[in-house]
2 protein chains.
Amino acid sequence: MTNALEQPRIICIHPSDNVAIVVTSGGLRAGTRLPDGLELVVDVPQGHKVALSDIAQGKNIIRYGEVIGTAVSDIARGEHVNESNVQLPTPPALDNLPMASRPSPALEPLEGYTFEGYRNVDGSVGTKNVLGITTSVQCVAGTLEHVVERIKKELLPRFPNVDDVVGLNHSYGCGVAIGAPAAIIPIRTLTNLARNPNFGCEIMVLGLGCEKLQPSTLVEDQPVKLFNHSDEAETSASTVSLQDESFSGFSEMIDGIMRVAERHLQRLDQRQRETCPVSDLVVGMQCGGSDAFSGVTANPAVGHATDLLVRAGASVMFSEVTEVRDAIHLLTPRAVSPEVAQMLIDQMAWYDDYLTLGHADRSANPSPGNKKGGLSNVVEKALGSVIKSGNSPIVDVIGPGERLRTRGLTFAATPASDFICGTLQAAAGMNLQVFTTGRGTPYNLAMTPVIKVSSNTTLSQRWHDLIDLDAGRIATGEATIEETGRALFDLILEVASGRTTVAAEKLGLYNDLVLFNPAPVT
Amino acid sequence: MTNALEQPRIICIHPSDNVAIVVTSGGLRAGTRLPDGLELVVDVPQGHKVALSDIAQGKNIIRYGEVIGTAVSDIARGEHVNESNVQLPTPPALDNLPMASRPSPALEPLEGYTFEGYRNVDGSVGTKNVLGITTSVQCVAGTLEHVVERIKKELLPRFPNVDDVVGLNHSYGCGVAIGAPAAIIPIRTLTNLARNPNFGCEIMVLGLGCEKLQPSTLVEDQPVKLFNHSDEAETSASTVSLQDESFSGFSEMIDGIMRVAERHLQRLDQRQRETCPVSDLVVGMQCGGSDAFSGVTANPAVGHATDLLVRAGASVMFSEVTEVRDAIHLLTPRAVSPEVAQMLIDQMAWYDDYLTLGHADRSANPSPGNKKGGLSNVVEKALGSVIKSGNSPIVDVIGPGERLRTRGLTFAATPASDFICGTLQAAAGMNLQVFTTGRGTPYNLAMTPVIKVSSNTTLSQRWHDLIDLDAGRIATGEATIEETGRALFDLILEVASGRTTVAAEKLGLYNDLVLFNPAPVT
Ligand SMILES: [Ca+2]
Ligand SMILES: [Ca+2]
Ligand SMILES: [Ca+2]
Ligand SMILES: [Ca+2]
Ligand SMILES: [Ca+2]
């Protein structure tokens, strides 16, 4: 691997690109001749762009198949392309964007792929069979941790078809401005988390009694049908409140919770995996701890997997508003209708206002570190992130905490924060997440499997027991984007079927749920 | 107890009050004659006020020793006093308040009381001897939970003088607008939490590597001296980053953390409790899940304990901005200087703005439920909460997440949310918390003991293993406010000395840290 990175090597993401990225460790010297005949006329550092052809002054500079700017002066083939000779494109104002203007790409249906999942009464399909115990308020967090441990020890061994018991602790529920307009976000997030397909419509709620957020809010019209698969829907949610006057002392509370848990475990235990079409997958795409290779290896491979999933009829979400904001003019054309394009714009505008209210700088311009790493401007930076969404049309947009409405590629508006994005994608109905990282993070979720893809081989070798797939082989030429994307697609089916356990789950590592609450606390 | 509540009974909080509260279950009928000779001239429900003397039209109605309004018409001794015959006092606008106008009450010094604590190199004193492992980012939360469990199992038994190992997981550190003005609040909260006296200046930090909040921020000038007790201060904070390139695989990360933990445990294990004056206590007062009795039993008893602690030279904090806001005109006079009074006002104004920005209603007026429970107006409601602060002068005011600066009674501005208030009081340097509740909550903190005081005997009997002290005996006449406040004072010394373990700690129940972050996430 170290050897491979020392070979003279550049990487080009899209056939129409007129620049490529130097991947060689330490960069490439002037005079270097590459296998395809390109000769560098100046030194170009690692991660930076080199011109693949002569680009006349005023002509477009194309990367990721998109215009990232125009040439300030004539640029010769083999020259270094950077912020000094790239004219920034018009910044993406939100009031004059191209709306659903791109002709739909010809994405052939992909047929014949299945996975083994747990079909739910509401039509959704779980990739795991988990007893979820949600909570209406942080007050009960300590009690929940105590009882989950006891259920795992005393009850779970008797129900071998149940994979796990997961407590959904969070910081919301009381001491919050529950009537503020933005409170709808954490409230619907919690409501929809309880409906995650991996809980099999057998969610329990642990409440206190006097909290502002009443447990009935979380489960009253549960389960809703995801995509209206099934005609029948039955609710089997159960609520236990600690202030219930029939409980005398802590041990009676615990006994009361254990009794209800046992009923749910009995029903969950009767379920069996069955063969399901890939169209029952709901996959969330996310990145975190990115590096210079994320945009040329892991994220493009994820984009290819996104297109394969969409072609097979699955639901795929991409998210992270602050990372797509500066490429919004490249997303609105991909919307299937002007209405969907407008929904994209509305989510960007909402976040712009939210940040402005908090006196936060969107930090739109690449930092000196970004430029040093080869990113010429904000468009190029955002492109490296949105490339996870592949080439598919954008069929829908949902707000933070909302539930997915349709198959295909949806933009699920969330912060880029890994835990908040994960929590919100889980609330949207995700049954599997793909997470790309360059620097490395042990991030994982308890309720859905998270497949971690590394952008470089150094990381996947050092973190051999924390990374699931190495996309770094794209940089070294040992694998193509398409091969790696296909390997990811195959791995998704294996993990969704319970045949492969992701690395962090083998180690028992899980992050906390983190709610997005833009409303005040009180 | 049920019998005692069926006896005709009223309760009067302060010698100068001209109203008292009916505590009898079901209220009292017209014609009832009370032991002290008062005869009711109308029916008065439980929790409601009865006039103790004739109150002429326009004269003050006094409760908690404070004016809660004036009589709309002549009110006879034995009549029902409620929102219909109480004229609301001028609402507490923030621009014309009495500043430090009350003569300091004669609070005699209380001498000769001590507890057994762990003296730290920075001069602060711990009530427990705990290895704290804080984190710079939520990314490492799963790893921290894993390693804390292993430290407890494999290392802690070898260090019998160390009470516990506590991981400080939180949702901050990355994916946040770290440059926004309000980000100072979560950042200083985390920095100061690491300095909590119960961690003995032996804090460890677990970081990832690429997070926005760098671990050095949390410990760089640690330890600061709390109150400048000691001349020497030495730092022994240690940071482990998961992205450290010397770690190959998860087990090496865990081994690396365990090695550092062992060093810290060795030093902590050499410490012994020593006799300390009460002035080394830093006690936070809080309430949550209040009921109609909270303001007449538990909170006044806490107020009495506050005064005892202050007389003995201790530091006491009261908090919960939204619950003191409507009694602010009764607090500014108690400030020791106009400057301190202004700091109180500034904190109220900041919170008013914060709520307004979030379109939240301060819900200042008592709800129909409050009025039904006997609260005539907002002043009376807030008084039931601020009575926890006793009668002592207010010597200082700190903002959310700031560290305490001086002994005596400080207003530590925090939201009323139990977990956020607890987290912020812990960051201020609290080594013991007192928490009053009427409805009941299993709330507890891992880093400092929390003594739970119930406002009614029904709760303390039903939750016999979750409540530490029953203040309900004040309502039934079995104990006075002074006796109960003194019992609480004595219990504080027992718990601070490690001789008594609080109920929730015996059960191993702990709530999560919840940060106050008014800045945006990204
Ligand atoms: Ca990202
Ligand atoms: Ca992210
Ligand atoms: Ca309260
Ligand atoms: Ca509270
Ligand atoms: Ca936890």
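For clarity, every value in this text was computed on a predicted model and none was experimentally measured.

Would you explain the overall build of chain A in this entry?
Within chain A, the regular secondary structure consists of 15 helices and 21 strands. For 522 residues, the compact-globule formula gives about 24 Å, and the C-alpha radius of gyration of chain A, at 24 Å, lands near that figure. Structurally, chain A occupies a C-alpha span of about 80 × 45 × 40 Å along its principal axes. Of all 522 residues assigned to chain A, the portion counted as buried reaches 62%. Total accessible area computed for chain A in this model is approximately 18,300 Å², and 48% of it derives from carbon and sulfur atoms. Put simply, chain A has 41 plus and 59 minus side-chain charges, and the middle of one group is 2 Å from the middle of the other.

How do you make sense of the pattern of salt bridges when you look at a structure like this?
Any two side chains of opposite charge can pair if their charged atoms end up close together. Residues and elements named next belong to chain A. Overall, the coordinates contain 38 salt bridges over all chains when judged by the stated rule. Linking Arg29 and Asp43 is a salt bridge whose minimum nitrogen-to-oxygen distance equals 2.8 Å. With Arg29 in the loop between strand S2 (19-22) and strand S3 (49-51) and Asp43 in the loop between S2 and S3, the pair connects residues that are 14 residues apart, well separated along the chain. Take Asp43: its relative accessible area is 38%, and that puts it in the partly exposed class. Where Asp396 meets Arg405, a salt bridge forms, and the shortest distance between an N and an O atom there is 2.9 Å. In this structure Arg405 comes out as partly exposed when scored by relative accessible area, which is 45%. In the salt-bridge network here, residues are joined through shared partners; they are Arg119, Glu274, Asp280 and Arg407.

Is there a simple way to explain the coordination of the calcium ion (ligand 4) in this structure?
Ideal geometry at a metal gives 109.5 degrees between four tetrahedral donors and either 90 or 180 degrees between six octahedral ones. Residues and elements named next belong to chain B. Those donors, Gln286 (OE1), Cys287 (O), Glu320 (OE), Ala416 (O) and Asp418 (OD), are the protein atoms that reach the calcium ion (ligand 4), and they lie 2.3 to 2.5 Å from it. Sequence spacing of the donor residues for the calcium ion (ligand 4), all on one chain, is Q-C-x32-E-x95-A-x1-D. In this structure, the calcium ion (ligand 4) lies 3.6 Å away from the calcium ion (ligand 3), the two metals sharing Cys287 as a donor. In this pair, Cys287 is assigned in strand S15 (residues 282-287) and Asp418 in helix H12 (residues 418-428), connecting sequence segments 131 residues apart. For the pair Cys287 and Asp418, one class covers both residues: buried.

When you look at the relation of the copies chain A and chain B in this model, what are you seeing that I'm missing?
Put simply, the two copies of the chain differ by a rotation about an axis and a shift along that axis. If you rotate chain A by 180 degrees and push it 0.0 Å along the axis, it lands on chain B with an RMSD of 0.1 Å. Within this description, the copies of the chain are treated as partners about a two-fold rotation axis. Minimal C-alpha distance to the rotation axis in chain A is attained by Leu357(A), lying at 4.0 Å. The residues that chain A uses at the interface reappear at the interface of chain B in 98% of cases, marking a shared surface.

Hey, could you run me through the environment of Ser319(B) in this one?
Residue and element names in this part refer to chain B. With respect to the helices and strands, the residue Ser319 is situated in the loop between strand S16 (315-318) and helix H7 (321-324). The exposure class assigned to Ser319 is buried, which follows from its relative accessible area of 2%. Separated by 92 residues in the primary sequence, Ser319 and Phe411 have C-alpha atoms spaced 5.8 Å apart. Ser319 has contacts with Met285, Val324, Phe411, Ala412, Thr414, Cys421 and Gln425, leaving out every residue within four places of it along the chain. Polar contacts involving the side chain of Ser319 include one to the main-chain carbonyl oxygen of Ala412, which spans 2.8 Å. A distance of 2.9 Å separates a polar atom in the side chain of Ser319 from a polar atom in the side chain of Gln425.

I would appreciate a short explanation of the packing of helix H6 (residues 298-311) of chain B against helix H14 (residues 481-496) of chain B in the present structure.
The geometry of a pair of packed helices is captured by two quantities: the angle between their axes and the separation between those axes. Residue and element names in this part refer to chain B. At a minimum axis distance of 8 Å, the contact between H6 and H14 shows a crossing angle of 60 degrees. By the angle between their directions, the pair H6 and H14 is classed as oblique. The way H6 lies across H14 gives a crossing that is right-handed. Taken together, the residues of H14 that come into contact with H6 (itself represented by Pro300, Ala301, Val302, His304, Ala305, Leu308 and Leu309) are Ile481, Glu482, Thr484, Gly485, Arg486, Leu488, Phe489 and Ile492.

Looking at this structure, I do not really get the sheet that holds strand S1 (residues 10-11) of chain A. What am I missing?
All names here are of chain A. Spatial strand order, S1-S2-S3-S6: four strands in an open sheet with antiparallel pairing. Two strands in the sheet have a free side with no partner beyond their single neighbour: S1 and strand S6 (80-81). Looking at chain direction, S3 and S6 are connected through two bridges and run antiparallel. Paired with Lys49 across the two strands is Val81, which belongs to S6.

How should the interface of chain A and chain B be read in this particular structure?
A common way to report how large an interface is uses the accessible area buried once the components associate. Of the residues lining the interface, 63 residues belong to chain A; the matching set on chain B comes to 62 residues. Summing both sides of the interface, chain A and chain B together bury roughly 4,600 Å²; the carbon and sulfur share of this comes to 62%. Joining chain A to chain B, the criterion identifies 22 residue pairs in polar contact (both at pLDDT 80 or more). Elements with a minimum of two residues in the side of chain A that touches chain B: helix H2 (141-155), helix H5 (250-269), helix H9 (338-357) and helix H12 (418-428) of chain A. Here the side of chain A that touches chain B takes five residues from H2(A), the largest share from any one element.

Is there a simple way to explain the UniProt feature "domain: SAF" (unreviewed entry) in chain A in this structure?
Under the UniProt annotation, the feature "domain: SAF" (unreviewed entry) is placed at residues 19-87 of chain A. The span residues 19-87 of chain A carries 0% helix and 30% strand; its end-to-end C-alpha distance comes to 15 Å.

Honestly, the packing of aromatic side chains in this entry has me stumped. Any pointers?
Between two aromatic rings, the relevant description is the distance of the centres plus the angle of the planes. Residues and elements named next belong to chain A. This structure, assessed with the given rule, holds 20 aromatic pairs over all chains. Here Tyr351 and Tyr354 contribute two aromatic rings whose centre-to-centre distance is 5.1 Å and whose plane-to-plane angle is 75 degrees, an arrangement assigned as edge-to-face. In this pair, Tyr351 and Tyr354 both sit in helix H9, three residues apart, roughly one turn of the helix. We classify Tyr354 as buried; its relative accessible area is 13%. Linked through ring pairs, Trp350, Tyr351, Tyr354 and Phe516 together constitute an aromatic cluster.

When you look at the sheet that holds strand S5 (residues 66-71) of chain A in this model, what are you seeing that I'm missing?
By definition, the strands of a sheet pair up through backbone hydrogen bonds, in either a parallel or an antiparallel sense. Residue and element names in this part refer to chain A. Sheet architecture is open: three strands sit in the order S4-S5-S7, paired in antiparallel fashion. The sheet is open, and its two borders are formed by strand S4 (60-63) and strand S7 (86-87), each paired with just one other strand. The pairing of S5 with S7 spans two bridges and is classified as antiparallel. Opposite Ala71, over in S7, you have Val86 as the bridge partner. Contacting S4 and S5, helix H11 (residues 378-386) crosses the sheet at an angle of about 160 degrees to S5.

Can you help me understand the domain arrangement of chain A in this one?
All names here are of chain A. Examined at the domain level, chain A breaks down into domain 1 (1-90), domain 2 (116-273) and domain 3 (281-507). Opposite the 22 residues of domain 2 that make contact, domain 3 presents 29 residues. Here domain 2 is connected to domain 3 by three salt bridges. Two residues, Arg188 and Glu402, come together in a salt bridge whose shortest N-O distance is 3.5 Å. In this assembly, domain 2 and domain 3 are joined by 13 residue pairs in polar contact (both at pLDDT 80 or more). Among the elements of the structure, strand S11 (164-168) and helix H3 (184-193) are those that each provide at least two residues to the side of domain 2 that touches domain 3. The leading source of residues in the side of domain 2 that touches domain 3 is H3, at five residues.

Even after reading the chapter, I still don't get a negative patch on the surface, so can you show me in this structure?
A surface patch of negative charge is lined by Glu145(A), Glu149(A), Glu145(B) and Glu149(B). Of all the secondary-structure elements, those providing two or more residues to the negative patch are H2 of chain A together with helix H2 (141-155) of chain B. Among the structural elements, Glu149(B) can be located in helix H2. Looking at Glu149(B), the relative accessible area reads 49%, which means it is partly exposed.

Explain the coordination of the calcium ion (ligand 1) here, please?
Residue and element names in this part refer to chain A. In the first shell of the calcium ion (ligand 1), the protein supplies Cys287 (O), Cys287 (SG), Glu320 (OE), Glu323 (OE) and Glu323 (OE), at 2.6 to 3.1 Å from the metal. Along the chain, the residues donating to the calcium ion (ligand 1) fall in the pattern C-x32-E-x2-E. The class for Glu323 is partly exposed, based on a relative accessible area of 27%.

Before we go on, may I ask you to explain the confidence of the model for chain A in this structure?
Parts of the model with low pLDDT should not have their predicted coordinates read in detail. Per-residue confidence for chain A gives a mean pLDDT of 92; residues scoring 70 or more make up 94%. This stretch, residues 228-235 of chain A, has a pLDDT under 50; its non-local contacts, to residues over four places away or in other chains, come to 19 contacts.

Would you explain the environment of Asp307(B) in this entry?
Residue and element names in this part refer to chain B. Relative to the helices and strands, Asp307 is located in helix H6. A relative accessible area of 11% means that Asp307 is categorised as buried. In this structure the C-alpha to C-alpha distance between Asp307 and Ile11, which are 296 residues apart in sequence, comes to 21 Å. Filtering out sequence-adjacent residues up to four positions away, Asp307 remains in contact with Ser389, Gly390, Asn391 and Ser392.

Calculation rules
- Residues numbered from 1 in each chain as written.
- Chains lettered and ligands numbered in written order.
- Predicted model: local features only at pLDDT ≥ 70, side-chain atom pairs only at ≥ 80, totals over all residues.
- Heavy atoms only, no water.
- Helix = DSSP H or I, 4+ residues; strand = E, 2+ residues; numbered from the N terminus.
- Rg over C-alpha atoms; globule rule 2.2 N^0.38 Å.
- Buried < 20%, exposed > 50% of the residue type's maximum accessible area, 1.4 Å probe, protein only.
- Areas by Shrake-Rupley, 256 points an atom, 1.4 Å probe, with all protein chains shown as cover.
- Lys, Arg positive; Asp, Glu negative; His and termini not counted.
- Charge placed at Lys NZ, Arg CZ, Asp CG, Glu CD.
- Salt bridge = Lys/Arg side-chain N within 4 Å of Asp/Glu carboxyl O.
- Donors = N, O, S within 2.8 Å, 3.2 Å for Na, K, Ca; no water.
- Least-squares fit on C-alpha atoms with pLDDT ≥ 70 in both.
- Contact = heavy atoms within 4.5 Å.
- Polar contact = N/O pair within 3.5 Å; in protein donor to acceptor, adjacent residues only side chain to side chain.
- Axes fitted to C-alpha atoms, helices over the stretch in contact; angles between N-to-C directions.
- Parallel < 35°, antiparallel > 145°, perpendicular 65-115°, else oblique.
- Left-handed = near helix turned anticlockwise from the far one by under 90°.
- Pairing = 2+ DSSP bridges.
- Buried area = accessible area lost by both parts, 1.4 Å probe.
- UniProt positions renumbered as here; feature names shortened; annotations may be inferred.
- Phe/Tyr/Trp six-rings, centres within 6.5 Å; stacked < 30°, edge-to-face > 60°.
- Domains from an automatic or database assignment.
- Patch = residues over 30% accessible without salt bridge, like charges linked within 9 Å, V, L, I, M, F, W, Y side chains within 5 Å.
- pLDDT = per-residue confidence, 0-100.

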